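The lines below spell out each chain.
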Amino acid sequence: MIRVFWLLMLLMFSAQAATNMWIRAGEACGIEPRLLYAISKVESNLDPLVISVNYTKLTKIQRDKLYIMLQNSRIPYNTYTKVVEIHSRNSAQAKGVVDFLDYYRYPSFDIGLMQINNMHKDVLKGMNVSLHGLLNENTNLNVAAGILWECYKKHRSNDKAINAYNGALVGNSYYAKVSTELQKLLLPHENDSKRLFYRVL
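To start, this report covers the structure provided alongside it. (Residues numbered from 1 in each chain as written. Predicted model: local features only at pLDDT ≥ 70, side-chain atom pairs only at ≥ 80, totals over all residues. Heavy atoms only, no water.)

### A short note on the side chain of Glu-32
Inference 1: As for its placement among the helices and strands, Glu-32 is situated in the loop between helix H2 (16–29) and helix H3 (33–44).
Inference 2: On the basis of relative accessible area, Glu-32 is assigned to the buried category, the value being 5%.
Inference 3: Separated by 2.9 Å, the side chains of Glu-32 and Arg-34 make a polar contact.
Inference 4: Once residues lying within four places of it in the same chain are set aside, the contact partners of Glu-32 are Lys-194, Arg-195, Leu-196 and Tyr-198. (Helix = DSSP H or I, 4+ residues; strand = E, 2+ residues; numbered from the N terminus. Buried < 20%, exposed > 50% of the residue type's maximum accessible area, 1.4 Å probe, protein only. Polar contact = N/O pair within 3.5 Å; in protein donor to acceptor, adjacent residues only side chain to side chain. Contact = heavy atoms within 4.5 Å.)

Printed below as a string of structure tokens:
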């Protein structure tokens, strides 16, 4: 019953714009739209402005500079074991954070709805998408769907493709986390064997 409720919520007419976004991106890349939604829940909890900085790759100077900037700008953040999760209050703040991280060449940070890493910057240029552009949820979702499809083409299995999207095939619990979110969206007659990638390879 809970799964049906969440599915209906996702497809409700009042959320037509958001629903269309998931469906359009899924259809364009041959990916189950609910898989994209589940990934976004795990990655950003549907927050298009969240930015996560890989804490483990920072020098002490970079850490201190980042915290000073966030505190001076009064931007909320949380520090976890591996990341500093930054919750900008508006798009202007988020753009400022992206500018700061890019200008000072922070080695690894993830942007927006699907948490796309700055390692893709050169690929984004070829698509005429800036790092700022990833703060737009539609742009972010479409880029992420393309990345996920490339992961599937390379690995040809659900679990490997989804773990690869997160950056690590081995010792990674990411697929399990995404599967947990996806199960909330599947109808009672659907199960783990549901086809998540539609396009013929």
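Read on, since the account is not over.
### Brief notes about the packing of aromatic side chains
We describe a pair of aromatic rings using the distance from one ring centre to the other and the angle between the two ring planes.
Inference 1: With the rule as written, the count across this model stands at 8 aromatic pairs.
Inference 2: When the centroid spacing of 5.3 Å and the interplanar angle of 35 degrees are considered together, the rings of Tyr-67 and Tyr-77 count as tilted. Here Tyr-67 is found in helix H4 (residues 60–72), whereas its partner Tyr-77 is found in strand E2 (residues 77–79), with 10 residues between them in sequence.
Inference 3: On the basis of relative accessibility, which here comes to 17%, the residue Tyr-67 falls in the buried class.
Inference 4: The partly exposed category is assigned to Tyr-77, whose relative accessible area is 27%.
Inference 5: Seen from their ring centres, Tyr-103 and Tyr-104 are 4.9 Å apart, and the 90 degrees between their planes marks the pair as edge-to-face.
Inference 6: Note on Tyr-104: relative accessible area 39%, which makes it partly exposed.
Inference 7: A network of ring pairs unites the aromatic residues Phe-100, Tyr-103, Tyr-104 and Tyr-106 as a single cluster.
Inference 8: Here the basic side chain of Arg-63 rests over the ring of Tyr-55, its NZ or CZ set 4.4 Å away from the ring centre. (Phe/Tyr/Trp six-rings, centres within 6.5 Å; stacked < 30°, edge-to-face > 60°. Lys NZ or Arg CZ within 6 Å of the ring centre and 35° of its normal.)

### So, the pattern of salt bridges
Inference 1: Scanning the entire structure with this criterion turns up 6 salt bridges.
Inference 2: Salt-bridge contacts for Lys-60 lead to Asp-64; the nearest nitrogen and oxygen are separated by 2.8 Å. Residue Lys-60 and its partner Asp-64 are both found in helix H4; the two are separated by 4 residues, about one turn of the helix.
Inference 3: Assessed through its relative accessible area of 59%, Lys-60 is described here as exposed.
Inference 4: Take Asp-64: its relative accessible area is 33%, and that puts it in the partly exposed class.
Inference 5: In this structure, Lys-121 and Asp-102 form a salt bridge, with 2.8 Å as the shortest nitrogen-oxygen distance. Of this pair, Lys-121 sits in helix H6 (residues 121–126) while Asp-102 sits in helix H5 (residues 91–103), and the two are 19 residues apart along the sequence.
Inference 6: Taking relative accessible area as the criterion, Lys-121 reaches 28% and is therefore assigned partly exposed.
Inference 7: A single salt-bridge network, built from bridges that share partners, covers Glu-32, Arg-34 and Glu-190. (Salt bridge = Lys/Arg side-chain N within 4 Å of Asp/Glu carboxyl O.)

### Observations regarding the sheet that holds strand E1 (residues 50–54)
Hydrogen bonding along the main chain pairs the strands of a sheet, whether they run parallel or antiparallel.
Inference 1: The strand order E2-E3-E1-E4-E5 describes an open sheet built from 5 strands, whose pairing is antiparallel. Each of the sheet's edge strands pairs with one partner strand only, and the pair in question is E2 and strand E5 (116–117).
Inference 2: The pairing of strand E4 (residues 109–111) with E5 spans 2 bridges and is antiparallel. Paired with Asp-110 across the bridge in E5 is Asn-117. (Pairing = 2+ DSSP bridges.)

### Thoughts on the pairing of E1
Inference 1: Taking burial as the measure, the 5 residues of E1 include 5 buried ones, the bulk of the element.
Inference 2: Here E1 shows two buried faces, one formed by Val-50, Ser-52 and Asn-54 and the other by Ile-51 and Val-53.
Inference 3: Relative to strand E3 (residues 83–87), E1 is paired through 5 bridges, and the arrangement is antiparallel. Within E3, the residue paired with Ser-52 across the bridge is Glu-85.
Inference 4: Here E1 runs beside E4; their pairing, made up of 3 bridges, is antiparallel.

Scope: geometric values only; no functional claims are made or implied.
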